[in-house]
Number of protein chains: 2
Amino acid sequence: MSLLVTGSIGIDTVETPFGKRDDVLGGSAIYFSYAASFFTPVRLVGVVGDDAPKFVFDVFNGREVDASGLEVRKGSKTFRWHGSYVKDMNEAQTVEVDLNVLAERAPKIPQNFLDSRYVFLANTHPVLQQEMASSLKSAKLIVADTMNLWIQTERPELVKMLGKIHGLVLNDGEARLLTGEKNLIVAAKTVLGMGPKFVVIKKGEHGSMLVTSTGDVFVLPAYPADNVIDPTGAGDSFAGGMMGYLSTQASLSTSTIRRAMAFGTVVASHTIADFSLAGLQAANREEIDARYDAFKSAISF
Amino acid sequence: MSLLVTGSIGIDTVETPFGKRDDVLGGSAIYFSYAASFFTPVRLVGVVGDDAPKFVFDVFNGREVDASGLEVRKGSKTFRWHGSYVKDMNEAQTVEVDLNVLAERAPKIPQNFLDSRYVFLANTHPVLQQEMASSLKSAKLIVADTMNLWIQTERPELVKMLGKIHGLVLNDGEARLLTGEKNLIVAAKTVLGMGPKFVVIKKGEHGSMLVTSTGDVFVLPAYPADNVIDPTGAGDSFAGGMMGYLSTQASLSTSTIRRAMAFGTVVASHTIADFSLAGLQAANREEIDARYDAFKSAISF
């Protein structure tokens, strides 16, 4: 089924204990699209400047990603992020960030994308997220991400946005900041009171948690990886794998969402095994399915 | 089967965001014994001073805990610990600690305990742990805990101790300190190289992990509890539930250890629901079994 994602496309400089990469491909929509495309065709909406390197346009060659929603804006510059995981592999320290084109008007959703049934609104201004949620009238499932910045500066708009979506994906620190609750289950239940039918809390190397309005609580460790090179994009890959799998399923029951989170976890474990997109590019669907089975075994008792 | 534990018995003062309790029962051997006694009879070896309050001797009334290895040493004072979880529910800040009788000679293992088949050596000086491991010649399974202090000050003796036991239980920070490895799977494998057949790494609210010399890797989230009042004793209760269950099983296969860790997780979830021993005292085996099933459901996909 048609899965649309809108989010950032960026040029990253990343430092981890295992090395440094300058000017490599990054951004939430890139990781999400690549991860989701293991499961289903993806429609990408995003914007770059006219300085965007060729690899931005080549990355989805041979993959089922429709990048006709990728706008190249003349006179603008592509989003850039420089982060470091040298001190803490579980939390990036931002060295420098240049919003560039992301600080301008949002990219337009192409007419032929407006019938999308599954939608992921990666982290951006909650007013933009509201507009997109409202314009995608055929959507069966809209899931959004957010970040500290909007929780702190745009809370009323963020809360309005929560009333227009079905699911929210956010990390543990964001869940605590949004709700003022330290306990993550209590925090998730508080978020449910703001509108969404389910909340997925990402805990980095500690896994993830699902709480639904029907009372389901699901906890999942991270995939036990002994080879973590670069955590950049893990959360977006998790969301991509999750939404990609969900888009292929007839029902949106909590057991479907549970399996989707497990696939997201497995896809993210490929992402972090190398810098930038290299981990995902080295993976294939057969390996993902095999690792899904191994993951299931690794948490069974 | 006979399960022996030796560890601390203390009088705690504990502060959490939910209140403060002065002079309540605590200590690794107390939490461990109570937790294990849901599964199997326990033999307790420990020492208190002649100032020990009556509740130290009353706590196991009606439970299958043989406290004939509990020495009351004249002229000595009972171990005291004052800790605070006000800033961080996942890590205690020690406000004050008085080792008192724990800084003196170890308690003696009673003659009729020497045939114990299952042994848990809670955290103490690694030379004492070695002596106990050597004197318990009938032991089929010896598992030990340790702490930062011994890793930093008694590493050679600690490494010798690791050569005399079957399993080590330690927390994530201790595993990293002991091995110099940040990745916990790599750290666990490094510990296996020092002697034990299996390593269990406790990650507090983030669950636990098992790595065995046969190559098994098992990851387990914590029980999703929305009511955490006092984390004191969670790790010792986990170990108690784990060893208590293991003592009832004919085989020590990795699947048995996995189930034992799940029982340990569930017992610990009762401990943290109230101050001191009150959470465990409010539980019973039927509730533990029901929560074990609920836990299994909460992590299944």
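Residues numbered from 1 in each chain as written. Chains lettered and ligands numbered in written order. Predicted model: local features only at pLDDT ≥ 70, side-chain atom pairs only at ≥ 80, totals over all residues. Heavy atoms only, no water.

Observations regarding the overall build of chain A
Link 1 in the chain: Regarding its fold elements, chain A presents eleven helices and 13 strands.
Link 2 in the chain: Expected size for 301 residues packed as a compact globule is a radius of gyration near 19 Å; at 18 Å, chain A falls within 12% of this value.
Link 3 in the chain: Over its C-alpha atoms, taken along the principal directions, chain A stretches across nearly 50 × 40 × 35 Å.
Link 4 in the chain: Here chain A holds 301 residues, and 55% of them are scored as buried.
Link 5 in the chain: Within chain A, contacts between residues separated by at least 24 positions form 64% of all contacts whose residues are at least 6 apart in sequence.
Link 6 in the chain: Carbon and sulfur atoms make up 50% of the accessible area of chain A, which amounts to about 11,700 Å² in all. (Helix = DSSP H or I, 4+ residues; strand = E, 2+ residues; numbered from the N terminus. Rg over C-alpha atoms; globule rule 2.2 N^0.38 Å. Buried < 20%, exposed > 50% of the residue type's maximum accessible area, 1.4 Å probe, protein only. Contact = heavy atoms within 4.5 Å. Areas by Shrake-Rupley, 256 points an atom, 1.4 Å probe, with all protein chains shown as cover.)

What to know about the relation of the copies chain B and chain A
Link 1 in the chain: Rotating chain B by 180 degrees and moving it 0.0 Å along the rotation axis overlays it on chain A with an RMSD of 0.0 Å. The transformation relating the two chain copies, once decomposed into turn and shift, fits a two-fold axis.
Link 2 in the chain: A share of 100% of interface residues in chain B that are also interface residues in chain A marks the association as one of identical surfaces. (Least-squares fit on C-alpha atoms with pLDDT ≥ 70 in both.)

Here's the deal with unusual backbone geometry
Link 1 in the chain: At Ser276(A), a residue that is not glycine, the phi angle is positive and equals roughly 50 degrees.
Link 2 in the chain: By the secondary structure assignment, Ser276(A) is in the loop between helix H9 (254–271) and helix H10 (278–281).

What about the environment of Asp88(B)?
Link 1 in the chain: Turning to its location among the elements, Asp88(B) is positioned in the loop between strand S6 (79–84) and strand S7 (93–98).
Link 2 in the chain: Relative accessible area serves as the criterion here: at 34%, Asp88(B) is assigned to the partly exposed category.

A few points about the interface of chain B and chain A
Interfaces are frequently sized by the accessible area removed from exposure as the parts join.
Link 1 in the chain: Across the boundary between the two partners, chain B contributes 32 residues, which contact 32 residues of chain A.
Link 2 in the chain: Both faces combined, the contact of chain B with chain A buries some 2,500 Å², and carbon together with sulfur accounts for 58% of it.
Link 3 in the chain: Considering only the side of chain B, the residues that lose the most area to chain A are His206(B), Val219(B) and Phe301(B), jointly responsible for 30% of the buried surface there.
Link 4 in the chain: In this structure, the connection of chain B to chain A is made through four salt bridges. (Buried area = accessible area lost by both parts, 1.4 Å probe. Salt bridge = Lys/Arg side-chain N within 4 Å of Asp/Glu carboxyl O.)

Things to note about the packing of aromatic side chains
Link 1 in the chain: According to the stated counting rule, one finds 20 aromatic pairs over all chains in the structure shown.
Link 2 in the chain: Note on Phe39(B) and Phe263(B): the rings are 5.3 Å apart at their centroids and 75 degrees apart in plane angle, and the pair reads as edge-to-face. On the criterion of sequence distance, the pair formed by Phe39(B) in the loop between helix H1 (28–36) and strand S4 (42–49) and Phe263(B) in helix H9 (residues 254–271) is long-range, its members being 224 residues apart. Taken individually, Phe39(B) and Phe263(B) each receive the classification buried, so the pair is uniform in this respect.
Link 3 in the chain: Taken together, the aromatic side chains of Phe39(A), Tyr223(A), Tyr245(A), Phe263(A), Tyr292(A), Phe295(A) and Phe301(B) make up a single cluster linked through ring pairs.
Link 4 in the chain: Directly above the ring of Phe38(A) sits Arg63(A), whose terminal nitrogen or CZ lies 4.5 Å from the centroid. (Phe/Tyr/Trp six-rings, centres within 6.5 Å; stacked < 30°, edge-to-face > 60°. Lys NZ or Arg CZ within 6 Å of the ring centre and 35° of its normal.)

Quick look at the sheet that holds strand S5 (residues 65–73) of chain B
Residue and element names in this part refer to chain B.
Link 1 in the chain: Taken in spatial order, the nine strands line up as S5-S4-S1-S8-S9-S10-S11-S12-S13 in an open sheet, and their pairing is mixed. Each having just a single partner strand, S5 and strand S13 (217–220) make up the two edges of the open sheet. The mean inter-strand angle of the sheet, taken between neighbouring strand axes irrespective of direction, is 15 degrees.
Link 2 in the chain: Bridge count for strand S9 (residues 141–145) against strand S10 (residues 167–171) is three bridges, and the pairing is parallel. Bridging from a neighbouring strand, Asp145 pairs with Val169 of S10.
Link 3 in the chain: Helix-sheet contacts for helix H6 (residues 172–179) involve S9, S10 and strand S11 (198–202), and the interaxial angle to S10 is about 110 degrees. (Pairing = 2+ DSSP bridges. Axes fitted to C-alpha atoms, helices over the stretch in contact; angles between N-to-C directions.)

Some thoughts on the pairing of strand S2 (residues 10–16) of chain B
Residue and element names in this part refer to chain B.
Link 1 in the chain: With six of its seven residues buried, S2 lies for the most part within the structure.
Link 2 in the chain: Sheet topology places S2 next to strand S3 (residues 19–26); six bridges connect them, and they run antiparallel. Residue pairing across strands places Val14 opposite Arg21, the latter belonging to S3.
Link 3 in the chain: What sits between the antiparallel neighbours S2 and S3 is a turn of two residues.

Notes on the sheet that holds strand S10 (residues 167–171) of chain A
All names here are of chain A.
Link 1 in the chain: Read across the open sheet, the nine strands follow the order S5-S4-S1-S8-S9-S10-S11-S12-S13; overall the sheet is mixed. The sheet is open, and its two borders are formed by strand S5 (65–73) and strand S13 (217–220), each paired with just one other strand. Sheet twist, expressed as the mean angle between neighbouring strand axes with direction ignored, is 15 degrees.

Brief notes about the pairing of S10(A)
All names here are of chain A.
Link 1 in the chain: The buried count for S10 comes to four of five residues, which makes it a mostly enclosed element.
Link 2 in the chain: Bridge count between S10 and strand S11 (residues 198–202): five bridges; the pairing is parallel. The partner of Val169 across the bridge, within S11, is Val200.

Some details on helix H7 (residues 184–192) of chain A
The periodicity of an α-helix, 3.6 residues per turn, causes residues three or four places apart in sequence to face the same way.
Link 1 in the chain: Considered for burial, the residues of H7(A) that qualify are Leu184(A), Ile185(A), Ala187(A), Ala188(A), Val191(A) and Leu192(A). All buried residues of H7(A) fall inside an arc of 160 degrees around its axis, so they share one side. (Arc of directions from axis to C-beta.)

Here we look at the environment of Ala52(B)
Residues and elements named next belong to chain B.
Link 1 in the chain: Looking at the secondary structure, you find Ala52 in the loop between S4 and helix H2 (54–58).
Link 2 in the chain: For the pair Ala52 and Phe79, spaced 27 residues apart in sequence, the C-alpha to C-alpha distance is 9.2 Å.
Link 3 in the chain: If we ignore the near neighbours within four places in the chain, the residues touching Ala52 are Phe57 and Thr78.

Quick word on the packing of H6(B) against helix H7 (residues 184–192) of chain B
All names here are of chain B.
Link 1 in the chain: Taken N-terminus to C-terminus, the directions of H6 and H7 make an angle of 60 degrees; their axes are 9 Å apart at the nearest point. Relative to H7, the element H6 lies oblique. The interaxial crossing formed by H6 with H7 has left-handed handedness. Where H6 abuts H7, its residues Asp172, Ala175, Arg176, Leu178 and Thr179 lie against Leu184, Ala187, Thr190 and Val191.
Link 2 in the chain: Grouping the constituent residues of the contact of H6 with H7 by class yields five nonpolar, two polar and two charged. (Parallel < 35°, antiparallel > 145°, perpendicular 65-115°, else oblique. Left-handed = near helix turned anticlockwise from the far one by under 90°. Nonpolar A, V, L, I, M, F, W, Y, C, P; charged D, E, K, R; others polar.)

Details of the environment of Lys164(B)
Residues and elements named next belong to chain B.
Link 1 in the chain: Mapped onto the elements, Lys164 comes out in the loop between helix H5 (155–162) and S10.
Link 2 in the chain: C-alpha separation for the pair Lys164 and Ala144, spaced 20 residues apart in sequence, amounts to 9.9 Å.
Link 3 in the chain: When residues no more than four places from it in sequence are discounted, the contact partners of Lys164 are Gln130, Ala133, Ser134 and Ile142.

Everything listed here is a matter of geometry and, on its own, says nothing about what the molecule does.
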